[in-house]
Amino acid sequence: MGQKTPLYEAHVAAGARMVDFGGWDMPLNYGSQLTEHEAVRSASGVFDVSHMTVVDVSGADAEAYMRTVFANDVARLRKPGRALYGCLLNEAGGIVDDLIVYRCGDADFRLVVNAATRDKDLGWLAECAANVDVAILERADLAMLAVQGPDARSIAADLIEIPDLMSIRRFGFERADDVFVARTGYTGEDGFEIIVPEDVVGHLWQQLLAADVAPCGLGARDSLRLEAGLGLYGSDMTDATHPYECNLGWTVDTSDPDRHFIGRDALAKVGDGERVLTGLVLPSGGVLRAGQRVITDAGDGVITSGGFSPTLKVSVALARTPRGADVSTVRVEIRNKTLNVHVVEPPFVRGGAATFSLS
């Protein structure tokens, strides 16, 4: 048996199919991944993401510390209420984890990191904090819901007693005591990620379901993020890959020549890198899956994430391929057959519609 979120019994009672995910017992779906996916694209859905790790960083050296461990620059967050997406890097420029950092005060930050990398991340953060005046506190007392979809914000705002939630900008947040509402997500749709004490999350979950927000599991979360072209740690990025080969170069801020962040020197040596993460579309003839060989004129690549797109009714994938390959000749090997694929720029879906044309 794995670890359980405070909503475990509610998931079981709702008929969820439970699976192991990073050591947690989590809902894969509540009967139909396709129905849940479509609910988020057309209306609203709620995900229990309480397995993710919330970490608060505070202290006199908190900003300097975050400017060292985080490849994006938290100095860009000039006042509380704003957030940045980016990566923790190792000395070789490899991605320790991708995460969101929220500025809560002049010397207070909140991090939300991936569940499967919890132990590694906490160990790395502690190692980097040696001889630095910071306190690193894991908030195991908190739970987290992601409410996503075109109707998600208005529904959630009616249920949460924090003024002006509808005015929060993207990558902004509001908080009142231990209720923390951020306009962020992992589906390509608008919405909120809501962090609350674990003893009240069950009530909020039931309120959302009573407001006709669809409960959604890991299956829909994965197909939604793939359509949105969002990478998954452990698949599309790892300790052995750097941001420039993961479509994350935009999260590396080198604008301040005096800021030394971990991995900066290594990234300067690799430049743009020899590989790139790109999008593939296979209109028919099979399904693109992680691990499949990608054949290009510049050498082989590999699919890192793939599957059927419920919105587009075709198979899509993210693949790491040699930089500079001729995109008109890319093929994928599926069951000893090589099939032509279209190379497109992710995301595959925006605003519920395709971002590309195959004609």
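Residues numbered from 1 in each chain as written. Predicted model: local features only at pLDDT ≥ 70, side-chain atom pairs only at ≥ 80, totals over all residues. Heavy atoms only, no water.

### So, the pattern of salt bridges
This is how the line gets drawn: Salt bridges are defined by distance alone: a side-chain nitrogen of Lys or Arg within 4 Å of a carboxyl oxygen of Asp or Glu. Counting from the N terminus, the helices are DSSP H or I runs at least four residues long and the strands are E runs at least two residues long. Buried, partly exposed and exposed residues are distinguished by accessible area as a fraction of the type maximum, computed with a 1.4 Å probe on protein chains only: under 20%, between the cut-offs, and over 50%, respectively.
Enumeration according to the criterion identifies 24 salt bridges in this entry. Lys313 is the partner of Glu38 in a salt bridge, and the nearest nitrogen-oxygen pair spans 3.9 Å. Of this pair, Glu38 sits in helix H2 (residues 33–42) while Lys313 sits in the loop between strand E17 (299–309) and strand E18 (314–322), and the two are 275 residues apart along the sequence. A salt bridge links Asp236 to Arg225; the nearest nitrogen and oxygen atoms lie 3.0 Å apart. Linking Asp236 in the loop between helix H7 (218–227) and helix H8 (264–270) with Arg225 in helix H7, this pair joins segments that are 11 residues apart in sequence. The pair formed by Asp236 and Arg225 is uniform in burial state, with each residue classed as buried. One continuous salt-bridge network, built from bridges that share partners, spans Asp56, Arg110, Arg139, Asp141 and Asp178.

### What about the sheet that holds strand E11 (residues 173–176)?
Our working definition: For two strands to be treated as a pair, DSSP must find at least two bridges joining them. To get an axis, fit a line to the C-alpha atoms, keeping to the stretch in contact for a helix; angles then go from 0 to 180 degrees between the N-to-C directions.
Spatially, E11-E12-E13-E10-E4-E14 is the arrangement adopted by the six strands of the open sheet, whose pairing is mixed. Single-partner strands in this sheet number two, and they are E11 and strand E14 (214–216). Neighbour-to-neighbour, the strand axes of the sheet open up by a mean angle of 20 degrees, direction not taken into account. Alignment of strand E12 (residues 179–182) against strand E13 (residues 191–197), held across three bridges, turns out to be antiparallel. Within E13, the position partnered with Phe180 by the bridge is Ile195.

### Quick word on the sheet that holds strand E7 (residues 95–105)
The strand order across the open sheet built from five strands is E6-E7-E8-E5-E9, with neighbouring strands paired in antiparallel fashion. The strands lining the two open edges of the sheet, one partner per strand, are strand E6 (82–89) and strand E9 (135–138). For this sheet, the mean inter-axis angle between neighbouring strands, taken without regard to orientation, is 25 degrees. With four bridges connecting them, strand E5 (residues 53–58) and E9 associate as antiparallel partners.

### A look at the nonpolar core
Counted only if it meets this: Here, the term nonpolar core denotes a set of buried Ala, Val, Leu, Ile, Met, Phe, Trp, Tyr and Cys residues that are joined through side-chain atoms within 4.5 Å.
With 33 residues, the main nonpolar core has Phe47, Ile95 and Tyr102 as its most contacted residues. Elements that contribute at least two residues to this core include exactly H2, E6, E7, strand E10 (142–148), E12, E14 and H7. Per element, the largest residue contribution to this core is four residues, and it comes from E6.

### Here's the deal with empty space enclosed by the protein
What counts here: The pocket and cavity definitions rest on a 1 Å grid over protein atoms only: a 1.4 Å probe that fits but cannot leave marks a cavity, an open set with protein on both sides within 12 Å along at least five of seven lines marks a pocket, and residues lining either have an atom within 4 Å of a point. Grid points are joined across faces, edges and corners, and a volume is the space filled by probe spheres set on the points. Throughout this entry, Asp, Glu, Lys and Arg are counted as charged residues, while Ala, Val, Leu, Ile, Met, Phe, Trp, Tyr, Cys and Pro are counted as nonpolar. The remaining residues, Gly among them, count as polar.
The tally for this structure, following the rule as stated, stands at one cavity of 30 Å³ or more. Its boundaries defined by the atoms lining it, the largest cavity holds a volume of some 40 Å³. Along the walls of the largest cavity sit Met26, Pro27, Phe47, Asp48, Val49, Cys216, Gly217, Leu218 and Arg221, which together make up its complete lining. Breaking the lining of the largest cavity down by element, the ones donating at least two residues are strand E3 (24–29), strand E4 (45–48) and H7. Considering only residue class, the lining of the largest cavity consists of six nonpolar, one polar and two charged.

### Considering the state of the cysteines
Rule in force here: Whenever a pair of cysteine sulfur atoms sits within 2.5 Å, that pair is classed as a disulfide.
Here the structure, examined in full by the defined rule, presents zero disulfides. Cysteine Cys246 shares no disulfide, and the gap to the nearest cysteine sulfur, in Cys87, comes to 7.6 Å.

### Quick word on the pairing of E5
Side-chain direction in a regular strand flips from residue to residue, so the side chains alternate between the two faces of the sheet. Across the six residues of E5, five count as buried, placing the element largely inside the fold. Sheet analysis places E5 next to strand E8 (residues 108–113), joined by six bridges and oriented antiparallel. In the sheet register, Ser58 faces E8, and the bridge partner there is Asp108.

### Description of the packing of H2 against H7
For any two helices packed against each other, the geometry comes down to the angle between their axes and how far apart the axes lie. The test is simple: An angle counts as roughly parallel when it lies under 35 degrees, as roughly antiparallel when it exceeds 145, as roughly perpendicular when it falls between 65 and 115, and as oblique in every other case. Put simply, a crossing is left-handed when the front helix is turned counterclockwise from the back one by less than a right angle, and right-handed when it is turned clockwise. Two residues form a contact once any of their heavy atoms are found within 4.5 Å.
Relative orientation of the contacting elements H2 and H7 amounts to 50 degrees, with a least axis distance of 8 Å. As judged from the angle between their axes, H2 and H7 are oblique. Crossing hand, H2 versus H7: right-handed. In this structure, H2 contributes Gln33, Glu36, His37, Val40 and Arg41 to the contact, and H7 contributes Gly219, Ala220, Ser223, Leu224 and Glu227. For the contact of H2 with H7, the residue count by class is three nonpolar, four polar and three charged.

### Notes on the side chain of Glu227
We count it as follows: A 3.5 Å cut-off defines polar contacts: any pair of N or O atoms within that distance qualifies, except that in protein one atom must be a possible hydrogen donor and the other a possible acceptor, and neighbouring residues in sequence count only when both atoms are side-chain atoms.
Relative to the helices and strands, Glu227 is located in helix H7. Within polar-contact distance, the side chain of Glu227 engages the side chain of His37 at 3.0 Å. Setting aside its immediate chain neighbours within four residues, Glu227 contacts His37, Arg41, Ser309, Pro310, Thr311, Leu312, Pro347, Phe348 and Val349.

### Some points on unusual backbone geometry
Of note, the amide linkage connecting Pro346 to Pro347 takes the cis form, showing an omega dihedral of 10 degrees. Take Pro347: it is sitting in the loop between strand E21 (342–344) and strand E22 (349–350). Phi at Arg335 is positive, roughly 50 degrees, even though this residue is not glycine. Relative to the helices and strands, Arg335 is located in the loop between strand E19 (331–334) and strand E20 (337–340). Judged by relative accessible area, which is 78%, Arg335 ranks as exposed.

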